[in-house]
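Remarks on the overall topology
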Amino acid sequence: MKKIVTCLLSILLLSSANVLAEEHNSSLKPRLVVMTDIGDCDVEPDDMESAIRLMAYADMFEIEAIMTTVGWNCDPYPKEWTQYLDKVVEAYGKDVHKLMLRSKQKDFLSLDRENGKQTIGYWPSMEYIKSRCMAGSHTAGIGIIGQDNDTEGSEFLIKLADEDDERPIWVATWGSGNTLAQAIWKVQQTRTPEQLKAFLHKFHVYTITDQDMVYAMRMNRAYSSHMWMRREFKDDLKFIWDEGTWQLQCELGKQEWKKHQEMIQGHGALGAIYPNYKWGVEGDTPSFLHIMPNGLNDPEDPTQAGWAGCHKFGMCADSLTYAWTSWQEPQRGITEGYKRRFYPAELNDFCARMQWAKEGRGNTNPIVIINGKQPSPNTYNLTAKAGEVVTLDASKSVDAEGNKLSFVWWMQPEASSYDKNITINDNDASKATITIPEDAKGNTIHIICEVTDNGEIPLTSYARVIISPL
């Protein structure tokens, strides 16, 4: 009888998890354009590493385009280097049917439907990814921007912006971003100022430093189209300039390289081509970790800590332009602290997906339920009166594999407008309580719930609770 009850309970948990997963997957993916100088792994291995990780998360991003472009190690971009991007996409094609088992996806949509809006949890076909690979600008610098410099990539960016889709387009620049600069220039020449403003509002940029030049010129930031975009369109183009988080990503990967060798390299077709590091590991990965819909942060608010740290609006290293960044103290230390905190869970998450790529089985993330509701991919909002005791209840969270769950609750002060410490009672239990301070009225309090299972490869899910005291 006990075995029957246990079996029924397991079925109930799996059924609940599947229903909740379907509700979660009704959310649209974030739109993503990648600009990469992927190439010879003896010269540029980290772009290929990041591209492989991106493919392992193709169910989480609407990959609008992957554009080859110039970078620190090449000007112009060698056309023969595009073969490395082809290898990654072909490896994805070999692994995707096993990855699809992770979300119980049985088939692909037609290519026409894939070109529409995709929901979180949908694995696109290799044919779709191939159709979105194209050439961007293969020459560096602001000096080339202008007449007769259009590329397939810059024209496609204009096409994407003109689509009937309210979601922002995140441009992750692993190399040069001057393909976007060219698109901006053309819209500036051919459309009204109001239309240019609307075009700029469609794009959000997360650039891994200024790589619109060869490495020896890296301090000549005026040469870069990135500086031009930050200066000329500072009021309309959201720009995250990453100088620091990507370096820590490289260093943490080196420190955990043995785990990469054991649990990523050789796992599936993607793992078979995951290269050894040269300078650091996956330096470009923070550009899409920032928009990962894992419940931890809303990418529209860079102050919210996520797998790519957190940023503050301020001056860039060129001493002329402003962007969201964390290159100076104290923000650099703050974002480093969060990056180190999250990195073990981030790496485990990747390792678990590579197990699926290899074996077609593995662990999946818990589904976080707060006060009986599943938060949207970004936040769970609630109001409370000053002085009220608020209960945050994650006890209904479920795990598809029936693994045991552990809980941690904590406050992120940088994202909260209330600037005093708040005590979270029972912060390591499924239910926590908070007494809303009398002076918190009119502010916001950001509380993070981390839920971790005890699977073969433990996985963590998150929910961000934003409390607005009345």
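Predicted model, so just to flag it, every value in this text is computed and none were measured. (Residues numbered from 1 in each chain as written. Predicted model: local features only at pLDDT ≥ 70, side-chain atom pairs only at ≥ 80, totals over all residues. Heavy atoms only, no water.)

1. Quick notes on the pairing of strand β4 (residues 169-173)
The test is simple: Residue burial is assigned from relative accessible area. The probe radius is 1.4 Å, only protein chains are included, and a residue is buried under 20% of its type maximum, exposed over 50%, and partly exposed in between. In this text, helices come from DSSP runs of H or I with a minimum length of four residues, and strands from runs of E with a minimum of two, each type numbered from the N-terminal end. A pair of strands is considered paired only if DSSP assigns at least 2 bridges between the two.
Of all five residues that make up β4, five are buried, and the element is covered over most of its length. Neither face of β4 is open: one carries Ile 169, Val 171 and Thr 173, the other Trp 170 and Ala 172, and all of them are buried. In this sheet, β4 lies alongside strand β1 (residues 31-36) in parallel orientation, the contact comprising five bridges. If you follow Val 34 over to β4, its bridge partner there is Ala 172. As defined by bridge partners, β4 adjoins strand β5 (residues 203-208) across five bridges and the pair is classed as parallel. When the bridges of β5 are listed, Thr 173 appears paired with Thr 207.

2. Considering the sheet that holds strand β12 (residues 424-425)
With antiparallel pairing, three strands are arranged side by side in an open sheet as β10-β13-β12. Each edge of the sheet is formed by a strand with only one pairing partner; in this case those strands are β10 (389-393) and β12. Two elements, β12 and strand β13 (residues 431-435), share two bridges in a ladder whose sense is antiparallel. Residue pairing across strands places Ile 424 opposite Ile 434, the latter belonging to β13.

3. So, the state of the cysteines
Under the convention used in this document: Cysteine sulfur atoms that pair up within 2.5 Å are treated as a disulfide.
One pass over the full model with this rule turns up zero disulfides. In this structure Cys 250 is not part of a disulfide, and its nearest cysteine sulfur, from Cys 41, lies 14 Å away. When its relative accessible area of 11% is taken as the criterion, Cys 250 is described as buried. Of all cysteine sulfurs in the structure, the one in Cys 250 sits closest to Cys 351, which takes part in no disulfide; the separation is 17 Å. Judged by its relative accessible area of 1%, Cys 351 is buried.

All quantities given are derived from atomic positions and should not be read as evidence of function.
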